[in-house]
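Coordinate analysis (summary)
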Amino acid sequence: MSVRSTTVSRDGEPPPYTPAADHGRPATPTWFLICAVMCVCLCAAAGVGAIAVVERRAHAVSAISRQTMAGTQASWDIHRHLAEAAAAEASTFLGISTTPGAAPYDDFAAAMRAANEAMVRAGATTDPGSGGLACPGQEPPATVRPSPTSSGPTSSATAGAGAAGASGGPGKGGSGRGGARSAAPPSSEAAAAALATLVCLTPVYTRYVGEARANDRMGMSVGGAYLRMANSLMNDHLLPASATLARSHTEDQAQAFRRATRAGDVAGLAVVALLALAALAAAQVLGVLWTRRWLNPGLLAATLLVTVGIIWPQAALATERAKLASARSEGYDVQAMLARVRHLALRAEGDVLYWRIAQGGEIVFDADFDQTAAQLACAARGREPGTTPLNEPRALNEPSGAGAASAAEEGLPGPHEAATRDPNLVRWCGPATARPLDPGIVKLVDTARQAGATAIDAPVGDSTPRATGRFMELDRALTKADGVAEARFGTEVAGAGDALRGVAAGAGALFLLAAVLAAAGLAPRIREYG
């Protein structure tokens, strides 16, 4: 028979309840202190992480909508307005009015002013590098002046032999005559050098155009030679430089998109927040086991706050990613594609006009039109140019019967183009890389392309003005579509920014308050063991 002994204090009251002593468990103030430190540290880390991640993403979204997109848009505008200036000058030289009621050369002057303004905007977002903005000289190295008795410039560079970077169009890794892609995006130094080329050689181009006008007014045939020389300068130096600048800004924009949608930040934030939630849950379970108290208000409130702190930032970041994905696919990518199609269309129009100025004496304009028109057909359908060079002789015999009818119905290159040898464009076009443009624009592309071919193959009557009119219709449609895509891009990026507004401060406050409540909830348990 055992006898139970009871210890009584001097005043007859039993001693305080000591769970660790009664149950033999190693529950000491140290364990509660460790739980408190872990809960507080993890909640604080989750709060700091939420603030850092959301703020970083908000800055990336802001950069997309302001700095990087401004530079990209400026480089596209440079490319566009320079090509427009070349086409407008050639039209005026031929006496073709592109704008009803406008004085001669007004369109050229307006395009050059717009190009110069775009250069200023591009310069504001371009890293000058190490001495990259110094003008290397006033004359392009490959330029040879025409003699007064020559019918054209002796330089081998002409509108039909444009540089590889230009034919790919802005916003793409330019493709050359064989359709080869650029190996790597240009560095900031190369972009600065390209901007310097534009700034330094634009006055030289304008001077050549002035020489062409002066000689043309005096009835001297050398005026046409000067104009073709200006076009050679445009295609050999200015347009390739603008394409290099566009590729640099396009890569900057792609990096901004990657920074704004990086998954690693979201995953890291989720891991830290879940660890904080697990620490709070473990602290509550251990509190129940050690103290037999089923509810700790401080820990419970901290757990609820951490739960909200996990869900809110993750939902906001998911919305931001979805908005930016839509902005890229429905806005930015469409704008890049439209810019490329516009450049190819302006180049094809220039081939038609300069072929007419040369009176058909230079086959290079003819051959370049075939290549550019085929690339234009591919680009409008969301396909890259193929790797097979489009330098085969022109198809002399038109297809007949069902083959010609099928090609006409599908809007494929007409019988005047080398690509007719493959009516399905499989040989000349690469794989599809984007969805096609609106069917209405594709139809306008084919109409303009066929009108240009007619102007070259049968340069009689008003075939050249009619081709110019078709290209102008296409340009207006592209401008309208670009406005829609730009508005969509702005709306979606603004929505991405709105989704993150207030999240950093709110989530940070939730996690930090949870840390305070966790400490407040565990402090009484620690004091009980004191």
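Further remarks concern the overall build of the chain. The helix and strand tally for the chain stands at 13 helices and two strands. Out of the 530 residues in the chain, the part that is buried amounts to 50%. Of the roughly 23700 Å² of accessible surface on the chain, 61% is carried by carbon and sulfur atoms.

Structurally, Asn215 can be placed in helix α5 (residues 188-217). Judged by its relative accessible area of 8%, Asn215 falls in the buried class. In this structure, Asn215 is in contact with Met220, Val222, Gly223 and Tyr226, ignoring residues within four places of it in sequence.

Take the nonpolar core next. With 71 residues, the main nonpolar core has Ile78, Leu82, Leu198, Tyr205 and Ile441 as its most contacted residues. Every element with two or more residues in this core is listed here: α2 (29-93), α3 (106-124), α5, α6 (222-260), α8 (297-357), α9 (363-380), α11 (439-457) and α12 (463-500). No other element matches α6, which puts 12 residues into this core. Cys39, Cys43, Val61 and Ala496 belong to the second largest nonpolar core, which has 50 residues in total.

Here we take up the packing of α6 against α8. Contact geometry for α6 and α8: axes closest at 13 Å, N-to-C directions at 175 degrees. Classified by the angle their axes make, α6 and α8 are roughly antiparallel. Here Leu227, Arg228, Asn231, Asn235, Leu239, Thr250, Gln253, Ala254, Phe257 and Ala260 of α6 lie close against α8, whose contacting residues are Glu320, Leu324, Arg328, Tyr332, His343, Arg347, Tyr354 and Ile357.

Between its first and last C-alpha, α5 extends 43 Å over 30 residues, near the 44 Å set by a 1.5 Å rise per residue. Residue Leu201 marks the point of greatest curvature in α5, where the axis turns by about 35 degrees; the proline Pro203 follows within four residues. Gly219 sits one or two positions beyond α5 and adopts a positive phi of about 75 degrees.

In low-pLDDT regions, the fine details of the predicted coordinates are not to be read closely. Model confidence for the chain is summarised by a mean pLDDT of 74, while 70% of its residues fall at 70 or above. Of all secondary-structure elements in the chain, the lowest mean pLDDT belongs to helix α4 (residues 164-167), at 35, while α12 reaches the highest, 90. Between residues 1-12, whose pLDDT stays under 50, and residues either more than four places distant or in other chains, the model counts two contacts. Every residue in residues 141-184 is under pLDDT 50, and counting partners more than four places away or in other chains gives 123 contacts.

Attention shifts here to a nonpolar patch on the surface. Together, Trp294, Leu295, Leu300 and Leu304 make up an exposed nonpolar region whose accessible area comes to about 510 Å². Inspection of the secondary structure assignment puts Leu300 in helix α8. Overall, Leu300 belongs to the partly exposed group, its relative accessible area being 37%.

With that out of the way, let us pick up the packing of aromatic side chains. With the rule as written, the count across this model stands at four aromatic pairs. The interplanar angle of 40 degrees and the centroid separation of 6.2 Å between the aromatic rings of Phe108 and Tyr205 together place this pair among those described as tilted. Taken together, the residues Phe108 in helix α3 and Tyr205 in helix α5 connect sequence positions 97 residues apart. What makes Phe108 buried here is its relative accessible area of 5%. Taking the relative accessible area as the measure of exposure, Tyr205 reaches 0% and is therefore buried. Ring plane angle 55 degrees and centroid distance 5.9 Å describe the contact between Phe257 and Tyr332, whose orientation is recorded as tilted. Placement of Phe257 in helix α6 and of Tyr332 in helix α8 is noted, with a sequence separation of 75 residues between them. Across this residue pair, the class does not change: Phe257 and Tyr332 are buried. An aromatic cluster is present here, built from Trp76, Phe257, Tyr332 and Phe489 joined pairwise through their rings.

With that settled, consider the pattern of salt bridges. The final tally for this structure, using the stated rule, is 17 salt bridges. Between Asp333 and Arg328 there is a salt bridge whose closest N-O contact spans 4.0 Å. Looking at Asp333, the relative accessible area reads 37%, which means it is partly exposed. A single salt-bridge network, built from bridges that share partners, covers Arg56, Arg262 and Asp265.

Next up on the list: the environment of Asp252. Position of Asp252 relative to the elements: it lies in helix α6. Linking Asp252 and Ile64, residues 188 residues apart in sequence, is a C-alpha distance of 9.2 Å.

A turn of α-helix holds 3.6 residues, and therefore any two residues three or four places apart point the same way. Under the 1.5 Å per step criterion, the end-to-end length of α3 is 28 Å for 19 residues, consistent within 8% with the ideal 27 Å. Those residues of α3 that fall on the buried side of the exposure criterion are Phe108, Ala111, Met112, Ala114, Ala115, Ala118, Met119 and Ala122. In an axial view of α3, the angular spread of the buried residues amounts to 160 degrees, which keeps them on one side of the axis. Exposed and facing more than 90 degrees away from the buried side of α3 are Arg113, Glu117, Val120 and Ala124.

Cut-offs used in this document
- Residues numbered from 1 in each chain as written.
- Predicted model: local features only at pLDDT ≥ 70, side-chain atom pairs only at ≥ 80, totals over all residues.
- Heavy atoms only, no water.
- Helix = DSSP H or I, 4+ residues; strand = E, 2+ residues; numbered from the N terminus.
- Buried < 20%, exposed > 50% of the residue type's maximum accessible area, 1.4 Å probe, protein only.
- Areas by Shrake-Rupley, 256 points an atom, 1.4 Å probe, with all protein chains shown as cover.
- Contact = heavy atoms within 4.5 Å.
- Core = buried A, V, L, I, M, F, W, Y, C linked by side-chain atoms within 4.5 Å.
- Axes fitted to C-alpha atoms, helices over the stretch in contact; angles between N-to-C directions.
- Parallel < 35°, antiparallel > 145°, perpendicular 65-115°, else oblique.
- Expected span 1.5 Å × (residues − 1).
- Bend = angle between axes of the 7 residues up to and from the residue.
- pLDDT = per-residue confidence, 0-100.
- Patch = residues over 30% accessible without salt bridge, like charges linked within 9 Å, V, L, I, M, F, W, Y side chains within 5 Å.
- Salt bridge = Lys/Arg side-chain N within 4 Å of Asp/Glu carboxyl O.
- Phe/Tyr/Trp six-rings, centres within 6.5 Å; stacked < 30°, edge-to-face > 60°.
- Arc of directions from axis to C-beta.

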